[in-house]
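Here's the letter readout for the chains.
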Amino acid sequence: MIQVMLWLPLAAGLIACLVPRRFAPWVAAVGAFLALDLAIRLVVDFDPDVAGLQQAVDESWIPDLGVRYQLGIDGISVFLVLLTTVLWFAATAWSAVRTPERAKTYFLMLGLAETATLGAFLAQDLLLFVLFFDLMLIPFYFLFGSWGTEHPGREGEGTIRPSAATIKMIVYTLVGSLLMLAGAIATGVIAGDGTPQFSISELAADPLGADSQRWIFWFFAAAFLVKMPAFLVHGWMPDAYRVAPLPVLAVFSGVLSKVGAYGFLRVVLPVFPDATIQFQEVLLCIAVASILYGSVMAFTQTSGRLVAGYSSVAQLGFITLGIFALRPDGADGAVLQMVNHGIVIAPLMLILVILADRTGGDDVTRMGGLAMRAPVLAALFLIVTMALLAIPGSANFVGEFFILNGVFQAKVAFAIAASIGIALAAYYALRLYQHAMHNRKPEGIESREIGWREGAIVSGLVACIVALALYPQVILERADESATAAVEATKTEVARR
Amino acid sequence: MTEFNAPDIDYAGLSPIIALTVGLVVVLMVGLVAKNRFVNAYLTLVALATTAGLAIWQWGEQEDLVAGALRLDELALAAALIATFAAAVATVLSIREPAADEAGHGAFAGLVLGSVLGMTVLAQAQNLVAFFIGLELLSIPLYVLCGSARRREGSLESGLKYLIIGSLGSATLLYGFAFLYGASGSTDYAAIAEALGPGGEGDDTLVLIGTAMAAVGLAFKASLAPFHQWTPDVYQGAPTPVTAFMAVATKAAALIALARLFEVALGPVAVDWDAALAALAVASIAVGNVGALGQDSIKRLLGYSGIAQAGYMLAGVVVFTEVGLEAMVFYLAAYTLMNLAAFVAVVARERETEHGDDIRALEGIGRSRPWLAWPLTIGFLALAGFPGTSGFIGKLFLIEATVDADYTWLGIAIVIGTMVSLAYYLRVLSAVWMRPEPEPLPAIAGGAPLSTIRDTEPGESGAPFELPRSVARGASRCALVVGAGVICAAATIAFGVYPDPLVDWASAAGESLAPFA
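From a predicted model like this one, the values you see are computed outputs, not experimental measurements.

The rules behind the values
Residues numbered from 1 in each chain as written. Chains lettered and ligands numbered in written order. Predicted model: local features only at pLDDT ≥ 70, side-chain atom pairs only at ≥ 80, totals over all residues. Helix = DSSP H or I, 4+ residues; strand = E, 2+ residues; numbered from the N terminus. Buried ≥ 20, exposed ≤ 12 C-beta atoms within 10 Å, placed from the backbone. Contact = placed C-beta atoms within 7 Å. Nonpolar A, V, L, I, M, F, W, Y, C, P; charged D, E, K, R; others polar. Expected span 1.5 Å × (residues − 1). Arc of directions from axis to C-beta. Pairing = 2+ DSSP bridges.

What chain B contains, in helices and strands, is 22 helices and 2 strands. Overall size of chain B, expressed as C-alpha extent along the three principal axes, is 75 × 55 × 40 Å. Looking at chain B residue by residue over its 517 residues, the buried ones come to 63%.

Scanning chain A from terminus to terminus reveals 20 helices and 2 strands. Along the longest, intermediate and shortest principal axes, the C-alpha atoms of chain A span 70 × 55 × 45 Å. Taken across its 497 residues, chain A has 63% of its residues classed as buried. In chain A, of all internal contacts separated by at least 6 residues, the share reaching a separation of at least 24 is 80%.

This paragraph deals with the interface of chain A and chain B. Contact with chain A, which involves 26 residues of that partner, is made by 28 residues of chain B. Secondary structure elements with two or more residues in the side of chain A that touches chain B: helix 5 (126-135), helix 6 (137-147) and helix 7 (162-191) of chain A. Looking at which element gives the most residues to the side of chain A that touches chain B, the answer is helix 7 of chain A, with 15 residues. Considered class by class, the residues forming the side of chain A that touches chain B number 20 nonpolar, 4 polar and 2 charged.

What follows deals with the environment of glutamine 62 of chain B. Residue and element names in this part refer to chain B. Residue position: glutamine 62 is located in the loop between helix 2 (37-58) and strand 1 (63-65). Sequence separation between glutamine 62 and leucine 72 is 10 residues, and the spatial gap between their C-alpha atoms is 5.4 Å. Contacts of glutamine 62, omitting those with residues within four sequence positions, involve Leu72, Asp73 and Ser512.

With that out of the way, let us pick up helix 22 (residues 500-511) of chain B. If you check helix 22 of chain B, its first and last C-alpha atoms are 16 Å apart, about what 12 residues at 1.5 Å a residue would give, namely 16 Å. For helix 22 of chain B, the complete set of buried residues consists of Leu502, Val503, Trp505, Ala506, Ala509 and Gly510 of chain B. When helix 22 of chain B is viewed along its axis, its buried side chains cluster within an angular range of 160 degrees and face the same direction. Where the residues of helix 22 of chain B are buried, they touch strand 1 (54-62) of chain A together with helix 3 (74-93), helix 14 (322-352), helix 17 (390-404) and helix 21 (479-497) of chain B.

Let's shift gears to the pairing of strand 1 of chain A. Residues and elements named next belong to chain A. Looking at chain direction, strand 1 and strand 2 (residues 67-73) are connected through 6 bridges and run antiparallel. Residue serine 60 lies in a different strand from strand 2, and its bridge partner there is arginine 68. Connecting strand 1 to the next strand, strand 2, in antiparallel fashion are 4 residues, including glycine 66 with a positive phi near 75 degrees.

In structure tokens:
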């Protein structure tokens, strides 16, 4: 079943290339829907009491190089898979409603991107993981570069062109990814006896020596931190976020940033336990710096896209913080927060499209008064905003609570610093909402209700937010076993030595 | 001493060489009579297909030929197959090439076949004399081919430059061989290895000088830095199908011959050369990738990128393990496919725009010419080592080999080189997909230098054909050219998704070399 789900979006994309132009969007949308359907079944069939892999597939792929085609899901990945398919379905449906030019290539790339992302979440072989991780970049390179729009940029910054911004993004992320590739190969060759050994579970069962772990750890950390992006390696983010086509940015920001955080839980903690313990505080520092820097930047930006972008930096900081608390509650919170953030940031991006339709750009200082004739839009936007600032009662609040709880018990100082971030989040989220929806309406801006098709897609995502707020347990109880296993691996490893 | 013992002649083992020689003569002769460009191309393809078929037939044989001067094994046959494939693609690309029209199709195709013959001999050589014969047989036709667009100054310059630098390389190599002969008293690889090995009477100084000069000579041929300076100029000046052929086939033959020379004959003194070759590899990776950054000419860019790629592949020889050699052979095959896929669009656009091989010629073809743009894109993504292509598997294989042999730093050098390379590969791709196609230039007299040079003026031409512009324009839509690109690109993807057959093929080639057998 997971195999079908994995390859279906790519197949749908290829079929979309063959059918007449008119039908291409709908073929892709049906493919994305079927993948979503399969993902829902995966969640329903998921057994919460098992810490190990479920639905595992294990085939030989390149025997001479020791690479296996190994897939499977566990409590950490199952909801990320669901998140991926939900957001991709939303983005594909959105693009089908508002078909871009050169639709066939667009939907092929979108399908390829979904397959690659699902592959990264499902892969249980280290090299297969790296392969899918790198493969994700190709479709986004084309999607951002070809369908992106020029952005006027800040004052004195000049116009930002999609092609330049995209190359910057790719170079940044691939530098990390290639280091990870080298690290992965080194891990497999050192661990293997004769033929390299890349299976994550077997690497975790018998980790490398502490000296090797120490340098390979940073190769992996580089890839994941750039992807998130974390503070200091976020340089590609502002340009890429401002030129990207928004429906694509919804899945990019909603899912791809999570692949980095997921990589820490899936690969780094189990495979490099000694290095994880050793560098725990360095990573916590980076996480706190991301939270504070992201939040502060988010409330100084005038571009709506950048508010969302920097808030992602802050949110991913929280997730990293939870993971590197190295405690079960922190890791549970991190998994929950990954899903939360994805499901919040995607409708926010789609709402930015609607705002741009009415105001001609994403500069929030030039918006205003949009709520006047659009109560539904205002209500949807308000729910998204509340979730973004993690108001008590939202699932985001639960996630951040778990994370901070974990960090408090592990390292108090980091938790105190991080909690400032929550207050800042309230400020930038409300500022975005107020500027856009309230205040006096400037000349040349029209307050219009959201169209029913767009409204249906956004409401679907908002319904997910509400559902999660009502019952976050659905994720927590399934993630608990696997997340606990991931962080406990670091403890038992060190105890064994 | 009246009896003369002629060596046994193994016709089956020599059959690929014989087929090439016969094909060469036939094509040359027919070219004198038949003035139809398709007849020549067809005969050339038949000769190449026969050669490839015979090579596949001989696959798995391992024996000495011609009194031990040549070695028939999978490694040599792998080089022959790569060279014939590259030649076949080059033949298809050159069907309407102005240079081939000027030089005469028979001569042009004959030279290509002669060069393939040289490559086959070179890859099989296990004797210093046979090695040198193969190398010259490879090089001399290429000097001529580079200069075959006689009406274009750049082409003549390219041919002359290649002749001078190539001769310098050959002379250095030959001088080095003399020292090796002096040190070991033999020209035969096995005897050299024995003389240099423990208990042999090899002379250290002579061996060192000989090895160094042989390495320098081969570095000229395989365009390894710092002996690469000719590469971008020659690549840019030569007719593009010739460049495409040279970029892959010469590299394959030279690297495989280098592997055989160093790992068989000089294997016992590996400690003398491994650091030097590692330095060459790192220098090539650095120079190639940095040099390609600012290039606007795609042929120059691919020239520099080829230097870097040769550096990656040389790492497979440096590690001196079976896995290393297998990785190199795999990468050579993958590189052949992806580089040719990239060249096809350059050839096609060169004929239909005013911009020649400038990056502007490729702008916007993602919209207007998807069948050219996709193979180009796949080729460039593979060169940059993106997953889903054989380029990724090739890099994976090479890095695994370096780490396995405790040359991790060389693996990291490959990775860093790849990072730099993204900047120029992606620059081309963004021109292809993210820029609008430029408006065609107005036809002002003298305003389009390249096109005026391409046009043959009737009357005063010594060329057998006249090539009106309209023909050159229509030709670009030729299905054969596009088809060649699509095949290379499809194979690049196929071997990226299911690399097993190619891995097995490369493993067979790697295992066949004496030190690892």
